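Tertiary structure, described
Residue strings, one per chain:
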Amino acid sequence: MYNYPYKLQKLINEVSRLPGIGPKMAERIALYIMKREPEYTENFKEILDGVKDITLCTRCFNVSDGNICSICAEDNRDRLIMCVLESPEDVVMVERTGKFKGYYHILHGLINPLNNMLAENLRIRELCDRVKGSNGEIKELILAINHTVEGDATALYISELMKEYAAGVKITRLAKGLPTGSDIKYADEITLGQAIVERKEM
Ligand SMILES: [Zn+2]
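Please read all numbers here as calculations on a predicted model, not as lab measurements.

What to know about the pairing of strand β6 (residues 170-173)
In summary, the side chains of a regular strand alternate between the two faces of the sheet. Bridge count for strand β5 (residues 140-143) against β6 is four bridges, and the pairing is parallel. Each residue of the ladder has a partner; that of Ile142, found in β6, is Thr172. The parallel pair β5 and β6, bridged by helix α6 (residues 149-165), forms a crossover whose chirality is right-handed. For β6 and strand β7 (residues 200-201), the ladder comprises two bridges, and the chain directions are antiparallel. Within the sheet, the bridge partner assigned to Arg173 lies in β7 and is Lys200.

As structure tokens, this is what we get:
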């Protein structure tokens, strides 16, 4: 049986591990990289090397190239309102709507016991600490997480916890303008913006 040269096969294997890339696509990408000029791979290497400098913001857990991300570093945002999201790519989505001017908190997942995703694996404890630590400054938490089984379980968990931690905080969720079970990552800016404006108290 024919095999690709060892180093090329290694590249194909690595590329095929990327999310959403099947074996055929991995071959195409690997062969494309192989055929490019050495400067291309050098540059690529440098970019990959730079990934280790990307870290999580110590405040909101968004991706950041320093201790504090660029959004937390802006001090003219609305401190009364915080938007809770599942993952860093959701920040870009919400920012693009232009309908939210507060700060964020990224959970890094949703509660899903079947996948061993428990509340303690998420940044929920840190969220509680932030809300409590704000001494009443934070008036509303928008849980901009999906209307799915996992999203509902997570929202319920947080809202119950907040009753203990910070009873006065209003907890809202996005309006269900988004089709049930659909992902906010794939919503368009207008729809998501509308869902933020029409958010409902839990
Ligand atoms: Zn931050």
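Things to note about the coordination of the zinc ion
Looking at the zinc ion, the protein donor atoms are Cys57 (SG), Cys60 (SG), Cys69 (SG) and Cys72 (SG), and they sit 2.3 Å from it. Metal-centred angles of 104 to 115 degrees between the four donor atoms at the zinc ion mark the site as tetrahedral. Within one chain, the residues serving as donors to the zinc ion are arranged as C-x2-C-x8-C-x2-C. The class for Cys60 is buried, based on a relative accessible area of 2%. Relative accessible area serves as the criterion here: at 3%, Cys69 is assigned to the buried category.

The rules behind these values
- Residues numbered from 1 in each chain as written.
- Predicted model: local features only at pLDDT ≥ 70, side-chain atom pairs only at ≥ 80, totals over all residues.
- Heavy atoms only, no water.
- Pairing = 2+ DSSP bridges.
- Helix = DSSP H or I, 4+ residues; strand = E, 2+ residues; numbered from the N terminus.
- Right-handed = clockwise from strand over helix to strand, strands pointing away.
- Donors = N, O, S within 2.8 Å, 3.2 Å for Na, K, Ca; no water.
- Tetrahedral: all angles 85-135°; square planar, octahedral: opposite > 155°, others 65-115°.
- Buried < 20%, exposed > 50% of the residue type's maximum accessible area, 1.4 Å probe, protein only.

That's the geometry; what it means functionally is another story.
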